[in-house]
Amino acid sequence: LLDYYQVAPLHVQNYSLIYNETLSPRFTNQILFGVSYFNQVFSDYNSSFNPVALGLNTGVTSPHLSGAPFISISGFDTIGLTPNSGRNDATGHLDDTASFVSGKHQYRFGGEVRQARIDSFYSTGARGAFFFNGAQGPWSSLLNVPGYDTNIASLADFLAGDVYQSTIVRGNQERKVTMNSFDLFAQDTWQLSPQLTLNYGLRYDYQGPIHDGSDDLSVFNPDKGGLVTVGDQIGSLYPAYWKAFSPRIGFGYQPSVDAGFVIRGGFGIYFDTPAIVPFLDNSS
């Protein structure tokens, strides 16, 4: 049974170098350089199967895609679920944050520049897929017999090689892309009184479209007739967004110096990065 299990080894590494400097009793600065590495691959536990020798000639010749194709027999567990796939990415970033104290105010401001390089190789459907539903062989009429076990017909179709449907994804599904981004922020912590503290600030984020320097990234755009390719019908995979301003405000209030609790509240607008994989394998 191990032959049909999925394995997904994962490797994650993070490195950082931080330099703190006290420029004056009220002014400090921190510079941070970091690199993170992520690598995870997925595959069947046993990928040594030779489908051609077993009578399933999918036309796959790449050693990278060795192993069982996807086989679905209605009523049974599927096999060949996981062709060799995965993601490898390395991200580097440089941050600078300064802090300045003036009276009842503590100001903080800074920013970051970041670059992510992603190698995505999700080979979905590239080994081929075979579907058996029991409706192709001469026993298909038995499917309408009350109480008949339809799983038997599906298995009979499989043993006879009567395929209901077969598919295969062709071409190179691997993409190596880059994403550049930066952000800026400024905030103030204002000690209005021993009981009341106010925090407020503004953040700005920019995340550029992923790109790879080749005309092989595509996206579905109904306004342009369907599937369009970067460098041909469109200039970038998606429009750059330059309006990601994020105001934040919060407070902390202690009714009295001796009170055993603090009332806190806050509000903010936040922006996130969309998942990149759907853009690389055109999945929905």
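Before reading further, recall that the structure is shown in the block above.
So, here is what we can say about the structure in this document. Remember, predicted model here, so these are calculated numbers, not experimental data.

Parameters at a glance
Numbers given for residues are sequential positions, taken from 1 along each chain in its written order. Whole-chain, interface and lining totals are the exception, using all residues; otherwise, since this is a predicted model, local features are given only for residues with pLDDT of at least 70 and side-chain atom pairs are given and counted only at 80 or more. To obtain the side-chain values, all non-hydrogen atoms of the structure were included, while hydrogens and water were left out. A run of DSSP states H or I qualifies as a helix once it reaches four residues; a run of E qualifies as a strand once it reaches two. Both are numbered from the N-terminal end. In this description the radius of gyration comes from C-alpha coordinates, and the expected globular size is given by 2.2 Å times residues to the power 0.38. Working definition: with a 1.4 Å probe on protein chains only, accessible area under 20% of the residue-type maximum means buried, over 50% means exposed, and in between means partly exposed. Pairing of aromatic side chains here covers Phe, Tyr and the six-membered ring of Trp, requires ring centres within 6.5 Å, and sorts the geometry by plane angle: under 30 degrees stacked, over 60 edge-to-face, intermediate tilted. Salt bridge, as used here, is a side-chain nitrogen of Lys or Arg placed within 4 Å of a carboxyl oxygen of Asp or Glu. The pairing criterion is simple: DSSP has to find at least two bridges between the two strands. Only the stretch in contact is used when fitting a helix axis, every axis being a line fitted to C-alpha atoms; angles between N-to-C directions are given from 0 to 180 degrees. Residues belong to a common nonpolar core when they are buried Ala, Val, Leu, Ile, Met, Phe, Trp, Tyr or Cys residues joined through side-chain atoms within 4.5 Å. Any two residues whose heavy atoms approach within 4.5 Å at even a single point are treated as in contact.

### With respect to the overall build of the protein
Then, in step 1: When you go through the protein residue by residue, the secondary structure sums to 2 helices and 14 strands.
Then, in step 2: Expected size for 284 residues packed as a compact globule is a radius of gyration near 19 Å; at 28 Å, the protein overshoots this value by more than 25%.
Then, in step 3: Across its three principal directions, the C-alpha atoms of the protein cover 90 × 50 × 40 Å.
Then, in step 4: Buried positions account for 30% of the 284 residues belonging to the protein.

### What about the packing of aromatic side chains?
Then, in step 1: For the structure shown, the criterion picks out 9 aromatic pairs.
Then, in step 2: Look at Phe70 and Phe131: their rings are 5.7 Å apart centre to centre, the planes differ by 55°, and that puts the pair in the tilted class. Of the two residues, Phe70 sits in strand β4 (residues 70–73) while Phe131 sits in strand β7 (residues 129–132), which places them 61 residues apart along the sequence.
Then, in step 3: Residue Phe70 is classed as partly exposed on the basis of its relative accessible area, which comes to 22%.
Then, in step 4: For the pair Phe132 and Phe158, a centre-to-centre distance of 5.3 Å together with 85° between the ring planes defines the contact as edge-to-face. Residue Phe132 is located in strand β7, and its partner Phe158 is located in helix α1 (residues 150–160); the two are separated by 26 residues in the primary sequence.
Then, in step 5: Accessibility expressed as a relative area gives 31% for Phe158, which makes it partly exposed.
Then, in step 6: Following the ring pairs from residue to residue traces out a cluster consisting of Phe182, Tyr204, Tyr206, Trp242 and Phe245.

### A short note on the pattern of salt bridges
Then, in step 1: Applying the stated criterion across every chain, the model contains 6 salt bridges.
Then, in step 2: With its nearest N and O atoms 3.0 Å apart, the salt bridge here joins Arg114 to Glu112.
Then, in step 3: Using a relative accessible area of 12% as the deciding quantity, one classes Glu112 as buried.
Then, in step 4: Linking Arg203 and Asp183 is a salt bridge whose minimum nitrogen-to-oxygen distance equals 3.3 Å. With a gap of 20 residues between them, Arg203 in strand β10 (residues 196–207) and Asp183 in strand β9 (residues 175–191) connect regions that are remote in the sequence.
Then, in step 5: Exposure remark for Arg203: the relative accessible area of 27% places this residue in the partly exposed category.

### Notes on the sheet that holds β7
Paired through backbone hydrogen bonds, the strands of a sheet run either parallel or antiparallel to each other.
Then, in step 1: Reading across the sheet, the 3 strands line up as β4-β7-β8 and stay open at both edges, with mixed pairing between neighbours. The sheet is open, and its two borders are formed by β4 and β8 (165–167), each paired with just one other strand. For this sheet, the mean angle separating the axes of adjacent strands, direction not counted, is 10°.
Then, in step 2: Across 4 bridges, β4 lies against β7 in parallel orientation. Looking at the pairing, Ile73 lines up with Phe132 of β7.

### Digging into the nonpolar core
Then, in step 1: Among the nonpolar cores identified, the biggest contains 13 residues, and Val177, Ile210, Leu217, Leu237, Ile276 and Leu280 are the most heavily contacted of them.
Then, in step 2: What Ile276 contacts, discounting residues up to four positions off in sequence, is Ile118, Met179 and Ile210.
Then, in step 3: If you look at the next biggest cluster of nonpolar residues, it comprises 5 residues, including Leu56, Ile71, Phe130 and Phe132.

### A look at the environment of Ser140
Then, in step 1: You can see Ser140 is positioned in the loop between β7 and α1.
Then, in step 2: In this structure the C-alpha to C-alpha distance between Ser140 and Ile234, which are 94 residues apart in sequence, comes to 49 Å.
Then, in step 3: When near neighbours in sequence (up to four residues on either side) are disregarded, Ser140 contacts Gly134 and Ala135.

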